[in-house]
Amino acid sequence: MKEQILEIFKNTNDYISGQELCERFQVSRTAIWKVINQLKEEGYEIEAVRNRGYRLISCPDVLLSAEISSELKTRVWGQELHSHSTIDSTNTEVRRLAENGAKEGLLVIADEQTAGKGRRGRSWTSEPGENIYMSYLLRPDIDPSNASMITLVAALSCAQAICEVTGLPAQIKWPNDIVVNGHKVTGILTEMSTEMTSIQYVVVGIGINVNQKTFPEEIREVASSLSLELGQDVVRSRIIAAYGNFWEQNYDLFLKAGNLSGIRAIYERFLVNIDREVVVIDAGGNQEFISRGINDMGELLVEDADGTVQTVRAGEVSVRGIYGYV
Ligand code: BTN
């Protein structure tokens, strides 16, 4: 009956009343309601309007989910996977589910976001059919002051996944942008909910420009996509699965050490800013340094003209190359 109800929904844009479905299948309202709920759990978005009935709004990207799951070697990450064709923001969706008790590792992916969020309150353009928009839930038993390191773990996993799947020379622009040939291809937005002195949950949200061919005027200089850099399209599910596999290894090392000591060396191998002149921008103005890598807490080590090395913290400063974005 489920498949038949789905077929009916797919063949119309109109509402179908519960009564009509009951009569058609000779079953109770409760039976119909159960099928609708099953479909919702599988990722179908179904609108229910009093006195009008049900209407199918969108179908899940079932193929994409199956492809991801078949390549995942994780214990926790992505073992529960929700795939949406369209959603406001995957970060917002994971937050909603976290508030309702969802478990660590829950992964939400979407083909399109209508209210994608970027850092510093900016929006993240999220066109359908081209890119990766994904967010996942963590419930780490760590001090909230250490949570900013999670973003660096995510950045490393992203750079590794892109390199492995595409062979592109992906690099990390500290702390967590991924660049290819000097252009930003990935953004990471980590959000946290705390209770007194402990973390309730963390949401890691990742946007990867995979097959996008054109960019809005205001970001054209800085942004690019994997396909533009590679000269051919890339299968999104392969990047997502590779990301998850790297993430789980890196995150285990982070949790074991309580800091980045276990992945610092490899992070630095991907770091585009290493031994380069950088401009550190904070409320006090701009200052030039040579960047020398990171410490175990993920802070950037910067050396001034006298050879004195200081640390700068992500979130407190912004770092640019002296000639531009990198
Ligand atoms: C940045 O500004 O660089 C961070 C952008 C993060 C975008 C991703 S897309 C998936 C997830 N959902 C959101 O609303 N934002 C993040």
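The structure reproduced in this document is the subject of the present report. Keep in mind it's a predicted model, so treat the numbers as computed, not measured. As a convention, each chain's residues are numbered from 1 in the sequence order in which they are written. Only residues with pLDDT of 70 or above have their local features reported here, since the model is predicted, and side-chain atom pairs are shown and tallied only from 80 upward, although totals for entire chains, interfaces and linings are computed over all residues. Note: side-chain values were computed over all heavy atoms of the structure, leaving out hydrogens and water.

**Side note on the overall build of the protein**
Item 1. From N to C terminus, the protein includes nine helices and 14 strands.
Item 2. The quantity called the radius of gyration is restricted to C-alpha atoms. Its globule counterpart is 2.2 Å times the number of residues to the power 0.38. Here the C-alpha atoms of the protein give a radius of gyration of 22 Å, agreeing with the 20 Å that 2.2 N^0.38 yields for 326 residues.
Item 3. For each residue, the accessible area found with a 1.4 Å probe, counting protein chains only, is set against the maximum for its type, and the residue is called buried under 20%, exposed over 50%, and partly exposed in between. Looking at the 326 residues of the protein, the share that counts as buried comes to 50%.
Item 4. Only heavy atoms matter for contacts: two residues are in contact if any of them lie within 4.5 Å across the pair. Expressed as a percentage of contacts within the protein between residues at least 6 apart in sequence, the contacts between residues at least 24 apart total 62%. Only DSSP runs of H or I with at least four residues qualify as helices, and only runs of E with at least two residues qualify as strands; both kinds are numbered from the N terminus onward.

**As for the layout of surface pockets**
Item 1. Both site types are read off a 1 Å grid over the protein atoms alone. A 1.4 Å probe that fits but cannot get out defines a cavity, while an open set with protein on both sides within 12 Å along at least five of seven lines defines a pocket; lining residues have an atom within 4 Å of a point. Grid points are joined across faces, edges and corners, and a volume is the space filled by probe spheres set on the points. The space that makes up the largest pocket amounts to roughly 1200 Å³.
Item 2. For the lining of the largest pocket, the secondary structure elements donating two or more residues are α5 (90–99), β5 (132–138), α6 (148–166), β8 (183–195), β9 (198–208) and β14 (318–321).
Item 3. With six residues, β8 is the single largest residue contributor to the lining of the largest pocket.
Item 4. Taken together, the residues that form the lining of the largest pocket break down as 20 nonpolar, 19 polar and nine charged. Think of it as three bins: nonpolar holds Ala, Val, Leu, Ile, Met, Phe, Trp, Tyr, Cys and Pro, charged holds Asp, Glu, Lys and Arg, and polar takes everything else, Gly as well.

**Focus on the site of the ligand**
Item 1. Residues are classed as near a molecule or strand on a simple rule: at least one heavy atom within 4 Å of it. By nearness alone, 19 residues border the ligand, and Ser89, Gln113, Lys117, Arg119 and Lys184 come closest of all.
Item 2. At a separation of 3.1 Å, a nitrogen atom of the ligand approaches a polar side-chain atom of threonine 90.
Item 3. Two N or O atoms form a polar contact when they lie within 3.5 Å of each other; inside protein one atom must be a possible hydrogen donor and the other a possible acceptor, and for residues adjacent in sequence the pair counts only when both atoms belong to side chains. Lysine 117 is positioned with one of its backbone polar atoms (N or O) 2.7 Å from an oxygen atom of the ligand.
Item 4. Burial of the ligand by the protein amounts to 98% of the accessible area it has alone, namely 410 Å².
Item 5. For a molecule to be placed in a cavity or pocket, more than half of its atoms must lie within 2 Å of the grid points of that cavity or pocket. Assessed atom by atom at 2 Å from the grid points, the ligand resides in the largest pocket.
Item 6. Per-element accounting of the shell around the ligand gives the leading share, four residues, to β8.
Item 7. A per-class count over the shell around the ligand returns six nonpolar, 10 polar and three charged. Per-residue accessibility takes into account occlusion by the displayed protein chains alone, with areas from the Shrake-Rupley method and a 1.4 Å probe.

**A few points about the packing of aromatic side chains**
Item 1. In summary, the pairing rule links any two rings of Phe, Tyr or Trp, Trp by its six-membered ring, whose centres are within 6.5 Å, and it sorts them by plane angle into stacked for under 30 degrees, edge-to-face for over 60 and tilted for everything else. Taken as a whole and judged by the stated rule, the model has seven aromatic pairs.
Item 2. Each ring, one from tyrosine 136 and one from tyrosine 243, has its centre 6.0 Å from the other, and the planes form 50°; the classification is tilted. Here tyrosine 136, found in strand β5, pairs with tyrosine 243, found in helix α8 (residues 236–257); they are 107 residues apart in sequence, far enough to count as distant. Each member of the pair tyrosine 136 and tyrosine 243 is classed as buried.
Item 3. Considering the side-chain rings of tryptophan 247 and tyrosine 251, the 4.6 Å spacing of their centres and the 20° angle between planes classify their relative orientation as stacked. A residue pair is termed a helical-turn pair when its members lie 3 or 4 positions apart in one helix, as tryptophan 247 and tyrosine 251 do in helix α8 at four residues. You'll find tryptophan 247 and tyrosine 251 in the same group, each marked buried.
Item 4. An aromatic cluster of three or more residues is present, and its members are Trp77, Tyr136, Tyr243, Trp247, Tyr251 and Phe254.

**What to know about the sheet that holds strand β6 (residues 170–173)**
Across a sheet, strands are paired by hydrogen bonds formed along the backbone, either parallel or antiparallel in direction.
Item 1. Pairing is mixed across the open sheet formed by seven strands, whose spatial order is β3-β4-β5-β9-β8-β7-β6. The strands lining the two open edges of the sheet, one partner per strand, are β3 (81–87) and β6. The sheet shows a mean angle of 20° between the axes of neighbouring strands, taken without regard to direction.
Item 2. Bridge count for β6 against strand β7 (residues 177–180) is four bridges, and the pairing is antiparallel. What sits directly across from lysine 173, in β7, is aspartate 177.
Item 3. Of the strands in this sheet, β3, β4 (107–113), β5, β8 and β9 touch α5, which is tilted by about 155° from β9. In this description, strands pair whenever DSSP reports at least two bridges between them. Axis geometry follows a simple rule: fit a line to the C-alpha atoms, using only the stretch in contact for helices, then measure angles between N-to-C directions, giving values from 0 to 180 degrees.

**Points about the sheet that holds strand β10 (residues 277–282)**
Item 1. The strand order β13-β12-β11-β10-β14 describes an open sheet built from five strands, whose pairing is antiparallel. Sheet topology places β13 (309–312) and β14 at the edges, where each strand pairs with a single neighbour. Ignoring which end each strand starts from, the neighbouring axes of this sheet average 45° apart.

**Some details on empty space enclosed by the protein**
Item 1. As enumerated under the stated definition, the model contains two cavities of 30 Å³ or more in all.
Item 2. Reported here for the largest cavity is a volume of approximately 110 Å³.
Item 3. For the largest cavity, the full set of lining residues is Ser145, Asn146, Ser148, Met149, Leu152, Met297, Gly298, Glu299, Arg313 and Ala314.
Item 4. Tallied by class, the residues present in the lining of the largest cavity amount to four nonpolar, four polar and two charged.
Item 5. One number sums up the size of the second largest cavity: a volume of about 30 Å³.
Item 6. Forming the boundary of the second largest cavity are Leu64, Ile109, Ala110, Asp111, Asn131, Ile132, Tyr133, Arg236 and Ile240.

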